[in-house]
Amino acid sequence: MAKKIVYVDMDSVLVYFESAFDKVDPRLLAAYEGDEDEIPHIFSKMEPMQGAIEAFTYLSEHFDTYVLSTAPWENPTAWSEKLEWIKHYLGKVAYKRLILTHHKNLNIGDFLIDDRPNNGAEFFTGELIKFGGDEFPDWNAVLAYMKKHI
């Protein structure tokens, strides 16, 4: 039997987006207020969410797991930095498993773990698991749910 397909978003799911803010010049943060994802090289400064690396590794052992993320169109450094982040923090477990798209709904799968219903996530044909919400506030809650679907 084929493994179920799981997609995991990066920003605010695998990656603690705000962790980069104290590593960026405050003047740059002010200049990009509201568009922080467009700050050049900001993605290279981000740390993992608590439990994210272990959770992705676990999911990869039991599901056909991919990283499905969007990179800001106006920040070309984000595209390569997201790949470098995956290589650095997830390594071989995510080898050639990064998909960058502005249309997440075009990917076919069973589950999408995402923090918001944007960039096509709201139209994903599988089950959208809203990370950070009341039902799935953290990786422990997500993994407890996913264990029921192995």
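Look above for the structure.
1. So, the packing of aromatic side chains
Scanning the entire structure with this criterion turns up 9 aromatic pairs. Each ring, one from Phe131 and one from Trp139, has its centre 5.1 Å from the other, and the planes form 45°; the classification is tilted. Owing to a relative accessible area of 5%, Phe131 belongs among the buried residues under this scheme. Here Phe136 and Tyr145 contribute two aromatic rings whose centre-to-centre distance is 5.2 Å and whose plane-to-plane angle is 65°, an arrangement assigned as edge-to-face. The exposure class of Phe136 is buried, given its relative accessible area of 6%. Taking NZ or CZ as reference, Arg97 lies 4.4 Å from the ring centre of Tyr66, over its face.

2. Quick notes on the nonpolar core
Val8, Leu14, Leu59, Ile113, Trp139 and Met146 are the most contacted members of the largest nonpolar core, which totals 36 residues. Put simply, the parts of the chain that give this core at least two residues each are strand 1 (5-8), helix 2 (52-62), helix 3 (76-89), strand 6 (111-114) and helix 4 (139-146). Core analysis: the second largest hydrophobic core is formed by 5 residues, Tyr7, Leu68, Ala121 and Phe124 among them.

3. Concerning the sheet that holds strand 4 (residues 64-69)
Within the open sheet, the 5 strands sit side by side as 5-4-1-6-7. Their pairing is parallel. For this open sheet the edge positions go to strand 5 (98-100) and strand 7 (127-130), each flanked by a neighbour on one side alone. The sheet shows a mean angle of 25° between the axes of neighbouring strands, direction not considered. Pairing between strand 6 and strand 7: 4 bridges, direction parallel. Residue pairing in the sheet places Ile113 in a bridge with Ile129 of strand 7. Running over the sheet, helix 2 touches strand 1, strand 4 and strand 6 and is turned about 135° from strand 4.

4. So, the pairing of strand 4
Relative to strand 4, strand 1 is paired through 4 bridges, and the arrangement is parallel. Across the sheet, residue Val8 finds its bridge partner in strand 4, namely Val67. Pairing of strand 4 with strand 5 involves 3 bridges; the strand directions are parallel. Paired with Val67 across the two strands is Leu98, which belongs to strand 5.

5. A few points about unusual backbone geometry
When glycine is set aside, most residues are seen to have a negative phi, and most peptide bonds are trans. Despite not being glycine, Ser12 has its phi angle at roughly 65°, a positive value. The class for Ser12 is partly exposed, based on a relative accessible area of 22%.

Rules used in this analysis
Residues numbered from 1 in each chain as written. Predicted model: local features only at pLDDT ≥ 70, side-chain atom pairs only at ≥ 80, totals over all residues. Heavy atoms only, no water. Phe/Tyr/Trp six-rings, centres within 6.5 Å; stacked < 30°, edge-to-face > 60°. Buried < 20%, exposed > 50% of the residue type's maximum accessible area, 1.4 Å probe, protein only. Lys NZ or Arg CZ within 6 Å of the ring centre and 35° of its normal. Core = buried A, V, L, I, M, F, W, Y, C linked by side-chain atoms within 4.5 Å. Helix = DSSP H or I, 4+ residues; strand = E, 2+ residues; numbered from the N terminus. Pairing = 2+ DSSP bridges. Axes fitted to C-alpha atoms, helices over the stretch in contact; angles between N-to-C directions. Contact = heavy atoms within 4.5 Å.

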